[in-house]
Amino acid sequence: MSLFEGRNLICIRGGRHVFAGLGFAVSAGGALVLVGPNGSGKSSLLRLMAGLSRPASGGLSWAGAEIAGDPEAHRARVRYIGHLDCVKAVLSVSENLSFWAGQYGPAGPDEVRRGLEAFALENLAGLPGQVLSAGQRHRLALARLAASPGELWLLDEPTVGLDTAAQEHLTAAIAAHRGAGGRVVAATHTPMDLPGAQTLTLEPFALAARAAEAELDAEPAW
Amino acid sequence: MHRFANPGRFLRLSNIVLPWIAAMAAGLIAVGLYLALFVSPADYQQGDSVRIMYVHVPSAWMAMFIYTVIAAASASSLIWRHPLADLVAKASSPIGACFTFLALATGSLWGKPMWGAWWVWDARLTSVLVLFFLYLGHMALMGAFDNPTRGARAAAILALVGFVNVPIIKFSVEWWSTLHQPSSVLRLDGPSIHPSMLWPLLAMGLGFKLYYLALMLVRVKSELIAARVNARATAAAEAT
Amino acid sequence: MSGLAHGFWGLLTRDLRLALRRRADASLAVLFFVLAAALFPFGVGPEPNLLARMAPGVIWVTALLAVLLSLERLFLADYEDGSLELMVLAPQPLEMTVLAKALAHWLTTGLPLIAAAPLLALLYNMDPAGLPMLVVAMALGTPSLSLTGAVGAALTLGARRGGVLIPLLVLPLNIPVLIFGVAALDAALSGFNPLPHIMFLGALFLGSLVLAPLAGAAALRQAME
């Protein structure tokens, strides 16, 4: 089975070891939930998976092929939802969405409508971004997932600010995505309804990083 | 771990070579100054003020040489992510800026009796001035980030962009200066140099290079030690 | 349309649409251009011959400064709202993204400056025979300013006081454009052949067209880490 894998990953940010010795594997249709306290490296790991940053050591692979060898193919399958919503205040909801859908290939009104419907944004389609509430902006960000299909969803705290109805939309969208063979990696503090998801607790790897740092510090260099 | 294994070796090695380099730099500069001030002849036109050349010309050489070192270090930092390359670039930049400033200041001092003005927009002086601005931009960008790794990366890209541009800038400044000053003013260095002037010049040039090398090693060492101290402080803060 | 051209076109039209909806912001650079150039006569006096002689230099220098003024926002808005992360992650090469952003910047800043420059030339009593050359030189020179500016703007993302840093990084790199832009105009005004200068301006433009997207993309990538 083709796996999205990470092996022995070490992440260093701003000169500090965030985690060390971390590995994971997600199969087609699978889901991985990252848990851990603030600062344990959930967002850093998602950024490594997306290719926004490079691991200090270790590697990521997709179906056995190193991702570093073909970053463009990886970018074509990654859909990343970060903390920021990427909503332009002076563009309307549908203009915002159609721009992002267009960045992943030709996108017509159908794709935009599919995205809007998945997160119940049809009634807001003509409104400018500046009048949206925080929750509505976040739904618009999530709508990118439905408007431009990609194999690997990387979601950083996707449920923050969502009401119950929107959380259900998200659950449904993830279920449909996984049903079609897609994979999801989500970092979250609130429990999400993801049947059969694996859980990766980051704390031990963060502790391993501290240990590695302490070891380096003890080593006499001069 | 590759990030620290290399620096450890670097520190041991630099401790061994540093005294030798420093001593050789001091010796060469002393010999060069003696030859320049007492042995070499005064110019029949310029008199004793020609002796400024023995500081001015090597400084101008160093200005270009150090920028080249920075560009090479930046390239190896961006391509191979060599852990010491960023430190070499960071340590070299202020030294290069100082040499560039020295070249400008001595050029201006030399120019006063020659041209009757502290500054003329001569093509060479102007290119060195632009090089000085490039150094300042590099230093400013390096220090403008809270995360030192980002500052080093950004400065490395800037150094390469600047390095590609240096010949273009030099060429256009020369073009510009011929447009505006068709009659060439007295050049700062004569076309032919007598051996009695060449030897002190070479001694100074080599002395300056070794002096730069020694200073750069000291600065890289102190950067490494500072990083170690920082790491220890954060570890201690986390432990409590 | 291929996927590549599609992403490029989508980004270009989005940036133009954003500029159009915020017309007041977009017109600031050209307002600054006119205002700053109008200050010089107060400094050096209204003597027509002196002003006519200064015109090429003043127009080019103030155009350079006006472009600088508009550079800070080039990537910053997208950096702050997270859009830049997604652009780095989009399948199209990041170099194309930098090119699209620089082109949008030139269309919204460089083009209005070119349109306003003849007006300033008249204010400065410049010989109207030089106007075509002024427009040609600026049309060839200002794209280089947008391209090198994009590199400077990308390098300073996330820096403290990036807006003050950009001029320090970008101005030295723009000296060749200034030299040949003014030289072309001077040559045309005094009856010499401006072609060599124009060719150099074109060469600088082609050079920055190749190098700036590479350097800008490298800068954006490192800004994400």
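Residues numbered from 1 in each chain as written. Chains lettered and ligands numbered in written order. Predicted model: local features only at pLDDT ≥ 70, side-chain atom pairs only at ≥ 80, totals over all residues. Heavy atoms only, no water.

Visitor: I keep staring at helix α6 (residues 164-179) of chain A and nothing clicks. Help me out?
Guide: Since there are 3.6 residues in each turn of an α-helix, residues three or four apart along the chain are aligned in direction. Residue and element names in this part refer to chain A. Taking 1.5 Å of rise per residue, the 16 residues of α6 would be expected to cover 22 Å, and the 22 Å separating its terminal C-alpha atoms lies within 8% of that figure. Elements that come into contact with the buried residues of α6 comprise β3 (31-35), α5 (134-147), β7 (152-156) and β8 (183-187). Two residues or fewer past α6, Gly-181 is found with a positive phi of approximately 95 degrees. (Helix = DSSP H or I, 4+ residues; strand = E, 2+ residues; numbered from the N terminus. Expected span 1.5 Å × (residues − 1). Contact = heavy atoms within 4.5 Å.)

Visitor: Is there a simple way to explain unusual backbone geometry in this structure?
Guide: Backbone phi values are negative for most residues with the exception of glycine, while trans is the configuration of most peptide bonds. Residue and element names in this part refer to chain A. Despite not being glycine, Ala-63 has its phi angle at roughly 50 degrees, a positive value. When you line up the elements, Ala-63 lands in the loop between β4 (57-62) and β5 (65-66). Phi at Glu-157 takes a positive value of approximately 50 degrees, unusual for a residue other than glycine. Mapped onto the elements of the fold, Glu-157 is located in the loop between β7 and α6.

Visitor: Hey, could you run me through the interface of chain A and chain C in this one?
Guide: With 29 residues of chain A at the interface, the matching set in chain C holds 27 residues. Both sides of the chain A and chain C interface together cover about 2,700 Å² of buried area, and 59% of this is carbon and sulfur. When the buried area of chain A at its contact with chain C is split by residue, Arg75(A), Lys88(A) and Gln103(A) rank highest and sum to 25% of it. Here chain A and chain C share five salt bridges between them. For Glu95(A), the salt bridge identified is with Arg21(C), shortest N-O distance 2.8 Å. The tally of links between chain A and chain C comes to 12 residue pairs in polar contact (both at pLDDT 80 or more). For the side of chain A that touches chain C, the element with the most residues is helix α3 (residues 93-103) of chain A, which contributes five residues. For the side of chain A that touches chain C, the per-class residue count stands at 15 nonpolar, five polar and nine charged. (Buried area = accessible area lost by both parts, 1.4 Å probe. Salt bridge = Lys/Arg side-chain N within 4 Å of Asp/Glu carboxyl O. Polar contact = N/O pair within 3.5 Å; in protein donor to acceptor, adjacent residues only side chain to side chain. Nonpolar A, V, L, I, M, F, W, Y, C, P; charged D, E, K, R; others polar.)

Visitor: Whenever I open this one, the interface of chain B and chain C confuses me. Can you help?
Guide: One widely used convention gives an interface's size as the accessible area the parts lose upon coming together. Taken together, the contact between chain B and chain C spans 29 residues of the former and 29 residues of the latter. Taking both partners together, chain B and chain C bury about 2,400 Å²; carbon and sulfur atoms supply 74% of that area. For chain B, the biggest contributors to the area lost against chain C are Arg150(B), Ile157(B) and Trp175(B); these three give 24% of the whole. Linking chain B with chain C are one salt bridge.

Visitor: Just to check I follow, could you spell out the sheet that holds β8(A) for this structure?
Guide: Two orientations exist for strands paired in a sheet by backbone hydrogen bonds: parallel and antiparallel. Residue and element names in this part refer to chain A. The strand order β6-β7-β8-β3-β9 describes an open sheet built from five strands, whose pairing is parallel. With partners counted over all chains shown, the strands left at the sheet margins are β6 (78-81) and β9 (198-201), one partner each. The mean angle between the axes of side-by-side strands here comes to 15 degrees, regardless of whether they run parallel or antiparallel. In this structure, β3 lies alongside β8, joined through four bridges in parallel fashion. Note that in β8 the partner of Val-33 across the bridge is Ala-186. (Pairing = 2+ DSSP bridges. Axes fitted to C-alpha atoms, helices over the stretch in contact; angles between N-to-C directions.)

Visitor: I keep staring at the packing of aromatic side chains and nothing clicks. Help me out?
Guide: Note on aromatic pairs: each is described by the distance of the centres and the angle between the planes. Counted under the stated rule, the structure contains 17 aromatic pairs over all chains. Plain terms: the ring middles of Phe171(B) and Trp175(B) are 6.0 Å apart, the flat faces sit at 45 degrees to each other, and that makes the pair tilted. A residue pair is termed a helical-turn pair when its members lie 3 or 4 positions apart in one helix, as Phe171(B) and Trp175(B) do in helix α5 (residues 148-180) at four residues. Given the relative accessible area of 24%, Trp175(B) is considered partly exposed. Ring geometry for Trp175(B) versus Phe200(C): centroids 4.9 Å apart, planes at 75 degrees, classification edge-to-face. With Trp175(B) in helix α5 and Phe200(C) in helix α10 (residues 195-224), this pair bridges two chains. Residue classification places Phe200(C) among the partly exposed residues on the basis of a relative accessible area of 25%. What links up through ring pairs into an aromatic cluster is the set Phe171(B), Trp175(B), Phe180(C) and Phe200(C). Lying over the aromatic face of Trp100(A), Arg144(A) brings its terminal NZ or CZ to 6.0 Å of the ring centre. (Phe/Tyr/Trp six-rings, centres within 6.5 Å; stacked < 30°, edge-to-face > 60°. Buried < 20%, exposed > 50% of the residue type's maximum accessible area, 1.4 Å probe, protein only. Lys NZ or Arg CZ within 6 Å of the ring centre and 35° of its normal.)

Visitor: Can you walk me through the nonpolar core in this structure?
Guide: Soluble, globular proteins show a tendency: their nonpolar side chains are buried together. With 161 residues, the main nonpolar core has Phe19(A), Phe24(A) and Leu45(A) as its most contacted residues. Top element by residues in this core is helix α3 (residues 83-115) of chain B. It accounts for 13 residues. When residues no more than four places from it in sequence are discounted, the contact partners of Leu45(A) are Leu9(A), Phe19(A), Leu22(A), Phe24(A), Leu34(A), Leu200(A) and Leu202(A). The next biggest cluster of nonpolar side chains, apart from the first, holds 29 residues, and it includes Val33(A), Leu132(A), Leu145(A) and Leu170(A). (Core = buried A, V, L, I, M, F, W, Y, C linked by side-chain atoms within 4.5 Å.)

Visitor: I'm lost on the sheet that holds strand β1 (residues 3-13) of chain A in this one. Help?
Guide: Residues and elements named next belong to chain A. Ordered in space as β2-β1-β4-β5, the four strands form an open sheet in which the pairing is antiparallel. A single partner strand is all that each edge strand has here, and the edge strands are β2 (16-27) and β5. The pairing of β1 with β4 spans five bridges and is classified as antiparallel. Each bridged residue has a counterpart across the sheet, and for Arg-7 the counterpart in β4 is Gly-59.

Visitor: Mind showing me how you'd approach the environment of Ala184(C) here?
Guide: Residue and element names in this part refer to chain C. Here Ala-184 lies in helix α9 (residues 162-189). With a relative accessible area of 0%, Ala-184 lands in the buried category. Counting along the chain gives 51 residues from Ala-184 to Met-133, while the straight-line C-alpha distance between them is 7.3 Å. Among residues more than four places away in sequence, those in contact with Ala-184 are Met-133, Ala-137, Pro-194, His-197 and Ile-198.

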